[in-house]
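Listed below are the residues making up each chain.
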Amino acid sequence: MSDPNQDEMRRKRLARLAKLEAAQPSADALGAKSPTTELTGEPSKTIKSPEKGSVSPPVNMDTSSSTFTSKQGTSSLNITKTMEKDSPEAMEVGSLKGGASQVSLDFDSGIENMDVDEKKESPMKRNRTTSSANYEISEEMLRSVVQNILNVSLPGTDETARAASLSCPAASEMLEDGCIVTAADPNLISLVLSDISAQLASNLPPEKVLKFLLEIYKRTHTEEANLGRRAAVPPLSDVIVAIRTQCLNFISLFLEGGWQDSATPYNYSPLYTAMQAEDFPPAFLPALIDMLYKDESRFDAVFSPLLNHCLNEMSQKKLTDEKCVQPVLVLRQLTEVRLTSGERPVCDLIVKHPQFLPEGLGPSAGLQVATTSFLGAFLAPSVFPEEDTGIVEKYFKEKISSSQVKTIAPEYQKDLDFLRSQLHAVMHCLVVNPSSREQTINYIAKLLNINSKRQQLQANERMNAGDGLMLNLMSVMQLLSTKVRMDKVDPNYIHSDRCRFELTDEARLKNSCQEAQEYCEAQAKENGPSKDPNFPTECWFLALYSHHICIQPILRRYQRRLRHIRELQHRLDELEKSEPAWKNHPSAHRNKQMIKTLKHQIKKQSRSRACADIGLLDQTLFTRCMNFYSSAAEHMLRFVDPVTPLQPRVPFAPEPNPLFAMLPEWVVDDIADFLLFGVQFLPWVVSSSLDNTMLTWLLACLAHPQYFNNPYLVSKLVEVLFVVNPVVQEKTTEIYSRIMSHPICEEFLPSALMRFYTDVEQTGSSNEFYEKFTTRYHISIIMKSMWESAVHKIAIISESKNGKQFIRFINMMMNDTTFLLDESLSALTRIHEVQEDMADPAKWAAQDQETRQSRHRQLNQDERQCRSYLTLARETVDMFHYLTEGVSDVFLRPELADRLAAMLDAVLEQLTSGPKCRNLKVKNPEKYGWEPKWLLSHIIDIYLHLASDKMAQAMANDERSFKIETFQDAIKRMETTLSRAQSDVQKFKGLADQANALVIERMKQELTWENVPEEFEDAVMGELMEDPVVLPTSGKVMDRRHIIRHLLSTPNDPFNRQPLTEDQLTPATELKIKIQEWKKDQIQKQNAKNQ
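The model shown is predicted, which means the values in this text are computed figures rather than measured ones.

## Examining the overall build of the protein chain
Turning to step 1, where the next piece is worked out: Within the protein chain one finds 47 helices and six strands.
Turning to step 2, where the next piece is worked out: A sequence separation of at least 24 residues applies to 75% of the contacts in the protein chain between residues at least 6 apart.
Turning to step 3, where the next piece is worked out: With an accessible surface of roughly 50,900 Å², the protein chain has 49% of that area assigned to carbon and sulfur atoms.

Now the structure itself:
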């Protein structure tokens, strides 16, 4: 620094600096802070925005203060190259080294530091990162750096300067004349940027102007990286930061509308294009937001048009568009900007947007919010044709094939998953930002609540948001709640006044709605106003509610659509099959139109189904649903065992926890429906995603059916266990093995299933009579699998020896078998009659057309009914078969033996020598599942399993159906048709002969009771009572054996339907003594008469 030329230059700089400080600033023509003001904290020298027709705003200074004006007049910038032909150096991207926050610089510090370094006055040890002799920067090099960054030619550069694309004569002249002596002068930077911006704005579109300014900003980072440590030492560091900061200011002024002749459209921002291309360093956006966010008007002027631009772009996108997700990516970049203060200014701006949550909604509020709200457009992309016809138009306009769907599905499922992950990132930013969290949660809750009617069976789809939007919303909620720990979720939330969705009229698991309401009122009275819930609680419960509102209606609609397509196809097949009969009939034209209509409807529904396959049968979506429902299972297990919910101690308390009892029924119903749908359509996903928590919850619920008021819920859980059985679904073998080996299943499930088998007799449903058969069929299949397992077989045998429960179970089995076989055999008889008539053309033609049509409809109905009932009957008979072999003693108890023998005798008669036997032959018996040999063989086996004195006595007691001729006929069939072993034949013959001998003996000893007093007769059967008991609720008297048999099926008083159990029966001891004395008296009279 000893060069006198350098000393002289320094003195001149200091003199000019004093004059600059004395200069008075002029008003900012743009109505905002100038870039220099932002840099130094002082008013800048005047930088005027050009008027229409002008180009460059010169920096004005009076002569006494070293002020200057451009000698070029209105145009001080020469564009030597077009923007499209920028040099490679101009497009170079440097690495990030600069800060992202506002910087206030003292431009004198560079000079001061140089002086200090020269005089070596600092007593401190020199820091290698500060200015030193090794890092001296010459004026030539400084000018070269400025030229390289601004891409504007300057005089006096060294060999490191790259050729510039632009020139600024005014700046060059001032440097040459000494008006500006150093490139470090902030006025030089301001002049060049102002001149460039004005000139470019008048000649190029906004996107290219912004691109040029962003290139300058990028080059500050590039140059900083190239210069290494020298870039961290003043004055070079000050120059780079000054350029960067002033560039930010000019970008802001430009985005606010500076240098533009007309007002900027409210939904357009040139920054959107740059963000879409990610054409700026990562530090740019945080720096711009940090600079503007405290000035609300400027911040709004820059970023509101950008948000509107994103919204406008997203509103026009279809999922099939190449850049469909681009607006969401831009929105994510904006929302993720978090300042050092922790604020996210763009998130605050979004929730203040006038369309964030529209007001004044009409009857179709669900659809309106989805289509008019700010976030609605971003949530809207869909594969469902009702919302977006893009997929149909692109792929399914002509023909549809399953292979085509399988090819297309992975691509769009991947796109949807990516979209949802970006939406989650945006929503996550909105909810983690404290000042925007409440409005965001309000929006989510509002969107769910006003679409709550979606879950109704007859929902009006035109009044609610579409399936695509709701699936996207649910996916976002799933992702938001992924890391929520269940011990942080407050179970009282849904019972507090802070709950954001309505449950008042929802049916509860165990309690009534009234009881739930009373609990809420008691809690409010005891604890006062509810506290604000924590975010994990609200997030998780809203996610739970979103599954109820979003995916469950879609599952039901998908299944209804499949049924509808099958029905349409069946109608079409029937019409086409019968075409020879009607082609010459007057109805031919109508039928042809009907065929055309049916084909059109099938094609339309098939398109919808194909799109739904893409959107709904998504492995990623289903896996996330399974994971969330697993958390719901854990939530419920915490009520029954708060200490070890994942390994609960069974059995639970007799009555459920009040919080469990007050859960809405739809929580369990939704999980069951989802599992049933998944096993049917995506079994491999269910198999891989069903964790131990869900498994434990499923078995715990089945082991405690008393925890549910509605048996229909337990029936669904039983159905889940049924459908994962390898007999039904081979792909779930692994799941079924895990279920069978679970401790709850091994110890408690068999008895629970048998108990529910009897309890399901009364479900409260209007179709309970038929629904019970389906549930019992499912249980019979499960029981059969258990019987094949040694562990479960022991549990079943053990249960048969404990109490009355197993007896009730067997009684219900007998009831079902009797009904199902009677109905099946009657239907077979009717089918036989119609088939015989149809086989005789003359006889069939003799009947009028209406009769033939009526009988044909009845035939179709009988065939469906026969097929269904025979399927159920087969499994029930099969269950009798293996149970009578393993636990025969129970079947021979007094309350069961007579009924069982009567049932077997009646069936045997119909299958052998009965009058209806010949009428059971039908064409294609396999069509109905009719196997008379199998049924006869199993009935005979049951006789053999129970063969004993007790069984023979029970058979002899059957005065209605037992006939030795029937058994003799059965023996012949055993020897011929069935080819049974001779040992079985002899055993069966011995049992029949023993029973017949008892009948003969009874007939010899039988007394006829005449003139029986009315008080001695059973109130229902009218027979002389043996063991009279009083029914406490009605006061009626019945024979114990008759009332116990009734209570096994229906636990109530047959006279008034009041609940009644065997323990409540009161023995009528005095009446019993009177009956016995009367009988003795009658016997004596009979003997005297015979003598």
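## With respect to the packing of aromatic side chains
Turning to step 1, where the next piece is worked out: Scanning the entire structure with this criterion turns up 35 aromatic pairs.
Turning to step 2, where the next piece is worked out: Between tyrosine 217 and phenylalanine 284, the aromatic rings sit 5.3 Å apart at their centres with planes inclined by 75 degrees, giving edge-to-face as the arrangement. Taken together, the residues span a long stretch of sequence, with tyrosine 217 in helix H8 (residues 206-227) and phenylalanine 284 in helix H11 (residues 284-292) at a distance of 67 residues.
Turning to step 3, where the next piece is worked out: Accessibility expressed as a relative area gives 0% for tyrosine 217, which makes it buried.
Turning to step 4, where the next piece is worked out: On the basis of relative accessible area, phenylalanine 284 is assigned to the buried category, the value being 0%.

## Brief notes about helix H5 (residues 139-150)
The α-helix advances 3.6 residues per turn, and as a result positions three or four apart in sequence lie on the same side.
Turning to step 1, where the next piece is worked out: A rise of 1.5 Å per residue sets the reference length of H5, with its 12 residues, at 16 Å; its end C-alpha atoms lie 16 Å apart and thus fit the reference within 8%.
Turning to step 2, where the next piece is worked out: Among all positions of H5, only Glu139, Met141, Leu142, Arg143, Ser144, Val145, Val146, Gln147, Asn148, Ile149 and Leu150 are buried.
Turning to step 3, where the next piece is worked out: At the C-terminal side of H5, asparagine 151 shows a positive phi close to 60 degrees.

## Quick word on the environment of threonine 245
Turning to step 1, where the next piece is worked out: Tracing the backbone through its elements, the reader meets threonine 245 in helix H9 (residues 236-255).
Turning to step 2, where the next piece is worked out: In this structure the C-alpha to C-alpha distance between threonine 245 and tyrosine 217, which are 28 residues apart in sequence, comes to 8.7 Å.

## Examining the layout of surface pockets
Left-over empty space is what a probe sized like a water molecule reveals as it rolls over the atoms.
Turning to step 1, where the next piece is worked out: Of the volumes computed, that of the second largest pocket is approximately 1,100 Å³.
Turning to step 2, where the next piece is worked out: Along the walls of the second largest pocket sit 37 residues, with Arg556, Asp669, Asp673, Tyr712 and Lys716 positioned nearest its centre.
Turning to step 3, where the next piece is worked out: For the lining of the second largest pocket, the secondary-structure elements that each account for two or more residues are helix H23 (551-577), helix H28 (665-681), helix H31 (711-723) and helix H35 (768-787).
Turning to step 4, where the next piece is worked out: Per element, the largest residue contribution to the lining of the second largest pocket is 10 residues, and it comes from H28.
Turning to step 5, where the next piece is worked out: By residue class, the composition of the lining of the second largest pocket is 13 nonpolar, 12 polar and 12 charged.

## A word on the pattern of salt bridges
Turning to step 1, where the next piece is worked out: Tallied over the entire structure, the rule returns 41 salt bridges.
Turning to step 2, where the next piece is worked out: In this structure, arginine 561 and glutamate 386 form a salt bridge, with 3.4 Å as the shortest nitrogen-oxygen distance. Of this pair, arginine 561 sits in helix H23 while glutamate 386 sits in the loop between helix H16 (374-379) and helix H17 (390-395), placing them 175 residues apart in sequence.
Turning to step 3, where the next piece is worked out: On the basis of relative accessibility, which here comes to 14%, the residue arginine 561 falls in the buried class.
Turning to step 4, where the next piece is worked out: Two residues, glutamate 895 and arginine 893, come together in a salt bridge whose shortest N-O distance is 3.6 Å.
Turning to step 5, where the next piece is worked out: Taking the relative accessible area as the measure of exposure, glutamate 895 reaches 16% and is therefore buried.
Turning to step 6, where the next piece is worked out: Of the residues examined, arginine 893 reaches a relative accessible area of 32% and is grouped as partly exposed.

## Here's the deal with a nonpolar patch on the surface
Turning to step 1, where the next piece is worked out: Nonpolar side chains collect at one region of the surface, where Val1020, Met1021 and Phe1055 lie side by side and expose about 270 Å² of accessible area between them.
Turning to step 2, where the next piece is worked out: Tracing the backbone through its elements, the reader meets methionine 1021 in the loop between helix H45 (982-1005) and strand E4 (1028-1030).

## Things to note about the environment of lysine 804
Turning to step 1, where the next piece is worked out: With respect to the helices and strands, lysine 804 occurs in the loop between helix H36 (790-800) and helix H37 (805-839).
Turning to step 2, where the next piece is worked out: With relative accessibility at 35%, the residue lysine 804 sits in the partly exposed group.
Turning to step 3, where the next piece is worked out: When the C-alpha positions of lysine 804 and glutamate 1062 are compared, they lie 10.0 Å apart, and in sequence the two are 258 residues distant.
Turning to step 4, where the next piece is worked out: Once you skip the residues sitting within four places of it in the chain, lysine 804 turns out to touch Arg893, Glu895 and Glu1062.

Calculation criteria
Residues numbered from 1 in each chain as written. Predicted model: local features only at pLDDT ≥ 70, side-chain atom pairs only at ≥ 80, totals over all residues. Heavy atoms only, no water. Helix = DSSP H or I, 4+ residues; strand = E, 2+ residues; numbered from the N terminus. Contact = heavy atoms within 4.5 Å. Areas by Shrake-Rupley, 256 points an atom, 1.4 Å probe, with all protein chains shown as cover. Phe/Tyr/Trp six-rings, centres within 6.5 Å; stacked < 30°, edge-to-face > 60°. Buried < 20%, exposed > 50% of the residue type's maximum accessible area, 1.4 Å probe, protein only. Expected span 1.5 Å × (residues − 1). 1 Å grid on protein atoms, 1.4 Å probe; cavity = no way out; pocket = protein on both sides within 12 Å on 5 of 7 lines; lining within 4 Å. Points joined across faces, edges and corners; volume = space filled by probe spheres on them. Nonpolar A, V, L, I, M, F, W, Y, C, P; charged D, E, K, R; others polar. Salt bridge = Lys/Arg side-chain N within 4 Å of Asp/Glu carboxyl O. Patch = residues over 30% accessible without salt bridge, like charges linked within 9 Å, V, L, I, M, F, W, Y side chains within 5 Å.

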